[in-house]
Amino acid sequence: MLSRTADNLYWLSRYTERADFVARILDATMRLAALPASYGGERNEWEGAVAAAGNLDEFKRLYSAVNEDTVRDFLAFSPNNPSSIANAIEVARENARAVRTALTTEMWEAINGAWLELKGFNGAEMNREEFARFLEWVKNVSLSFDGSAYRTMLRNDAYWFTRLGLAIERADNTARILDVKYHVLLPQTERVGGSLDYFQWTTILREVSALTAYHWVYRQSVKPWLVADLLILNRQMPRSLANCYELLVRHLDLVADAYGRRGPSQRLASAMQARLSGTKIDGIFALGMHEFITDFVSENNKLGAAIAEQYLV
Amino acid sequence: MGRAAFDEMTGRPNGQAAEGVRSAYAALKEWLETCPPDFFDTRRSQAELFFRRIGITFAVYGDNQSTERLIPFDIIPRVLTKPEWELLERGLKQRVTALNAFLGDLYGAQECIKAGVVPADLVYRNPHYRLEMLGCPPPHGVYVHIAGIDVVRVDEDTFYVLEDNARTPSGVSYMLENREVMMRLFPELFAQHRVAPVENYPDALLKTLRSVAPLTATRDPTVVLLTPGRFNSAFYEHSFLADKLGVELVEASDLFAKDDVVFMRTTEGPKRVDVIYRRIDDDFIDPLVFRPDSVLGVPGLMAAYQAGNVTLANAVGTGICDDKAVYTYMPAIVRFFTGEEPILNNVPTWCCREKEALSYVLDRLPELVVKEVNGSGGYGMLVGPHATKRELDEFARKLKHDPDGFIAQPTLSLSTCPTFVASGVAPRHVDLRPFVLTGADEIRIVPGGLTRVALKEGSLVVNSSQGGGTKDTWVLDG
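## Topic: the sheet that holds strand S7 (residues 261–266) of chain B
All names here are of chain B. Read across the sheet, 3 strands follow the order S6-S7-S8 without closing on themselves; strand pairing throughout is antiparallel. What marks the edges here is a single partner per strand, and that holds for strand S6 (255–258) and strand S8 (269–272). For this sheet the average axis-to-axis angle between neighbouring strands, irrespective of direction, equals 40°. Bridge count for S6 against S7 is 4 bridges, and the pairing is antiparallel. Paired with Ala257 across the bridge in S7 is Val262.

As structure tokens, then:
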């Protein structure tokens, strides 16, 4: 297939995944910010949301205050934020339009329909209830797009490149949350009466839609190190780093087998997968969680660049 | 306006009591009269929704309001009988055969210039005459693989060719999608009529393209469709056709030439390309040869083409046939190259480069339609009867300044078809663009084509960029 087609498919998936991620961050932040101060509310959660889902420097250049209104605008609707939900849907649809022929009708209708509907939402005039419905709608867009890809695409390189885009983006998103919130996940933050942080932890789980999953996996109350374990190392958890790398390795291998050639991206992905499966969460804490995450983000970006170099240009 | 137009449903000039009906339209007329109005309203909004969902849009240059909009679709089909179509088909084949022979001659022996069939300066000074093509015949000698010949009707028996589109004619996706929508919305109507199918067009196009692969290609040649990209007004059509053909939709940056061979960049490395169905103009094909400022082209593509290692469809240099001054010589060209009388005639045309014609045109400007010889898409034309005094004066000045640049035609009473408008069903002027495919083996035409309709009352301009709409075109089989 054309390199450009693969590139468009890859970014199409990345941006639909990103729209979903930003919607989850906003949703979870709204809940957290609504809590009374004694439960951890009223701290500036909105700044954390921007740090996780956008670019704080860019935000501060555009707005004078960090509050619900400005963050909502920046993350959901702003044309100046490349990762805003509106922009992500726009870019996804542009990519889809460029490779209309490589998509199934269902995929095209999911993304084109979303793009058409998006014009009907007016961010500035939304009350909280309407905004919550908007976020729900965004999550449904990603669900129906991803679902139609899964249900209708031929299992060939076109499909594999959509999976690669999704997995790289997801790994990056999960790592961003960990990067912003790692301090509340460290074991030493569990102080006497540490329930103050309980809502921070559950917020993180909500952001990756894993609150219920947590209980099924660990069968105990929410502990910060187990949250970290779930998000980084648990292979059953769809948004964990370990699971994303399983996906990446599998689909890169499929591509390599089909084309009869392996390259740097296969090597980088396998190396990271080996690292994740050979590690325990205690080891990560011992060596420094922040360092681990920073290193992961940079390796993940390297893999993205390697995939681009090897297949997309 | 001259005399009243021929209405294809009633068979009578407009304005007269519309009681009669031509037999081809009998069932349709009854359908229009018996179905309740809200039935049509629902169907029209369903059709619109369908077009929006599939993303069939058209960008209008210079319109900042919306980069993508729908071409209005009218749900009342336009009907042609089998004998009418057979006449058109014969005429179209003859005309396209002549066009191909004409181009082969212009870039070869130039007999038609020596014989005085066309004036030499009209050829040599034409911006679309490409010296690069001299003595360089394209694979299998075919120049115009895909032609869109615009045909208008003026009465029961007379069809005229309005213009020849031999560069990169567009609109065929509308022909196919209009039929698709109609079959979904009105299965009952199709059961009542025997409508010749058009859905085999992509198959015929692919056969045509594969038949003209260069001799250096393998038995399974690689065909691609070259688009200027998704910001082009016809991008939907490009992607639609690539999909139906099952070929890659490439942009210039996806291609490169090496040692006079063209390749595309794929995830598995370079892959050789044999036939390029290009939907970009000559000027933007190869910055080394044509426009150095163009970022659209593929450096080295022209050299590979001249070396005979790749086929371009259509060939470089076919634009000269779109020239409206050359058009005026088409009847003579048809006679010269086929030895037959033209089956389809030209609209009577004054070629302003001829002195007598110019003074006639200047005298009668308010009655005439004046077109730029190199214009297209309905831009830069004057419709005399609808023009203001100022527009008339301005065109008179232009004509005197550059008579070679213009032709003039009488304001034809294009035939009308019943069409849904705000006030109900009313006659509106239509034209027809059939698509003629020429391969190394044969000429293929699917029955019908794209009917364009001028939605404004009395308007004769059917171009989609000027507010025209489209209709499904039915050729009744028997």
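Having seen it, we continue.
## Concerning the sheet that holds strand S14 (residues 381–383) of chain B
Residue and element names in this part refer to chain B. What the 4 strands build is an open sheet, ordered S12-S15-S13-S14; its pairing is antiparallel. For this open sheet the edge positions go to strand S12 (350–351) and S14, each flanked by a neighbour on one side alone. Where S12 lies against strand S15 (residues 406–410), 2 bridges are found, and the strand directions are antiparallel. Note on S15: the bridge partner recorded for Cys351 is Ile407.

## Observations concerning helix H6 (residues 172–185) of chain B
Residue and element names in this part refer to chain B. Helix length check: H6, at 14 residues, gives a terminal C-alpha distance of 20 Å against a target of 20 Å (1.5 Å per residue), a fit within 8%. The element H6 is largely enclosed, with a buried count of 11 among its 14 residues. Every buried residue of H6 is accounted for by Val172, Ser173, Tyr174, Met175, Leu176, Glu177, Asn178, Arg179, Val181, Met182 and Leu185.

## A short note on the side chain of Arg179 of chain B
All names here are of chain B. For Arg179, the location among the structural elements is in helix H6. Among the residues examined, Arg179 registers a relative accessible area of 5% and is labelled buried. Polar contacts involving the side chain of Arg179 include one to the side chain of Asp472, which spans 2.9 Å. The residues contacting Arg179, other than those within four sequence positions of it, are Phe190, Val195, Ala196, Pro197, Val198, Asp472, Thr473 and Trp474.

## Notes on the nonpolar core
The nonpolar side chains of soluble globular proteins are, as a tendency, buried together. Grouped together as the largest cluster of nonpolar side chains are 104 residues, with contacts concentrated most on Leu26, Ile85, Phe134, Ile232 and Met289 of chain A. Among the elements that make up this core, the one with the highest residue count is helix H8 (residues 157–185) of chain A (14 residues). Dropping the residues within four chain positions of it, Leu26 of chain A is found in contact with Trp46, Val71, Arg72, Leu75, Ala76, Ile85, Phe131 and Leu135 of chain A. Listed in part, the 76 residues of the second largest apolar core include Leu162, Val298, Leu344 and Val475 of chain B.

## Structural notes on the confidence of the model for chain A
For chain A, mean pLDDT is 90; residues scoring 70 or higher make up 95% of the total. The least confident element of chain A, judged by mean pLDDT, is helix H9 (residues 198–207) of chain A at 82; the most confident is helix H12 (residues 241–259) of chain A at 97.

## Quick look at the pairing of strand S21 (residues 468–475) of chain B
Residue and element names in this part refer to chain B. Counting buried positions along S21 yields 8 of 8 residues, so the element is predominantly enclosed. Direction of pairing for strand S1 (residues 73–80) relative to S21: parallel, over a ladder of 5 bridges. The residue bridging Asp74 from the neighbouring strand is Lys471, located in S21. Relative to S21, strand S20 (residues 450–454) runs antiparallel, the two being bridged by 4 bridges. Paired with Ala454 across the two strands is Gly468, which belongs to S21.

## Concerning the confidence of the model for chain B
When the pLDDT values of chain B are averaged, the result is 89; 94% of them are 70 or greater. Interface predicted TM-score (ipTM) for the complex: 0.75; the corresponding pTM is 0.82.

## Description of the interface of chain A and chain B
Taken together, the contact pairs 24 residues of chain A with 22 residues of chain B. Interface area, chain A with chain B, both sides summed: about 2100 Å², of which 46% is carbon and sulfur. One can count 3 salt bridges joining chain A with chain B. At the boundary of chain A with chain B, the tally comes to 9 residue pairs in polar contact (both at pLDDT 80 or more). Here the side of chain A that touches chain B gets 6 residues from one element, more than from any other, and that element is helix H6 (residues 105–118) of chain A.

Each value, and the rule that gives it
Residues numbered from 1 in each chain as written. Chains lettered and ligands numbered in written order. Predicted model: local features only at pLDDT ≥ 70, side-chain atom pairs only at ≥ 80, totals over all residues. Heavy atoms only, no water. Pairing = 2+ DSSP bridges. Helix = DSSP H or I, 4+ residues; strand = E, 2+ residues; numbered from the N terminus. Axes fitted to C-alpha atoms, helices over the stretch in contact; angles between N-to-C directions. Expected span 1.5 Å × (residues − 1). Buried < 20%, exposed > 50% of the residue type's maximum accessible area, 1.4 Å probe, protein only. Polar contact = N/O pair within 3.5 Å; in protein donor to acceptor, adjacent residues only side chain to side chain. Contact = heavy atoms within 4.5 Å. Core = buried A, V, L, I, M, F, W, Y, C linked by side-chain atoms within 4.5 Å. pLDDT = per-residue confidence, 0-100. Buried area = accessible area lost by both parts, 1.4 Å probe. Salt bridge = Lys/Arg side-chain N within 4 Å of Asp/Glu carboxyl O.

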